[in-house]
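Structural overview
Here are the chains, one letter per residue:
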Amino acid sequence: MDRLDLISRIEDARQLLYRMHMEYGSLLHPEVIQQSVVLDGLINQYNRANVGKMIN
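Computed from a predicted structure; not experimentally measured.

Conventions and cut-offs
Residues numbered from 1 in each chain as written. Predicted model: local features only at pLDDT ≥ 70, side-chain atom pairs only at ≥ 80, totals over all residues. Heavy atoms only, no water. Helix = DSSP H or I, 4+ residues; strand = E, 2+ residues; numbered from the N terminus. Contact = heavy atoms within 4.5 Å. Areas by Shrake-Rupley, 256 points an atom, 1.4 Å probe, with all protein chains shown as cover. Lys, Arg positive; Asp, Glu negative; His and termini not counted. Charge placed at Lys NZ, Arg CZ, Asp CG, Glu CD. Buried < 20%, exposed > 50% of the residue type's maximum accessible area, 1.4 Å probe, protein only.

1. Concerning the overall build of the chain
On a plain count of helices and strands, the chain comes out with two helices and zero strands. A principal-axis box enclosing the C-alpha atoms of the chain has dimensions of 45 × 15 × 10 Å. Restricting to contacts in the chain with at least 6 residues of sequence separation, those with at least 24 account for 50%. Entry remark: accessible area of the chain is about 4,300 Å², with carbon and sulfur atoms responsible for 58%. Placing the 6 positive and 7 negative side-chain charges of the chain at their respective mean positions leaves the two points 8 Å apart.

This is the structure:
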């Protein structure tokens, strides 16, 4: 996955997390937490890719 695609997926996941938070009214709702985990995973993937580029 290229960098721009990953950035786009992160933004989509962030927007979905925001909408879910508004819908469920809590950051502690299980579905909101699950979406947060998805977003965290994408951000971690982005950071790993950037660190890999800095090392090489």
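Alright, that's what it looks like, and here's the rest.
2. Quick word on the side chain of Gln35
For Gln35, the location among the structural elements is in helix α2 (residues 30–55). With a relative accessible area of 11%, Gln35 lands in the buried category. Setting aside residues no more than four positions away along its own chain, Gln35 makes contact with Ala13, Leu16, Leu17 and Met20.

3. Side note on the environment of Asn50
Relative to the elements of secondary structure, Asn50 occurs in helix α2. Once the C-alpha coordinates of Asn50 and Leu4 are considered, the two residues, 46 residues apart in sequence, prove to be 12 Å apart.

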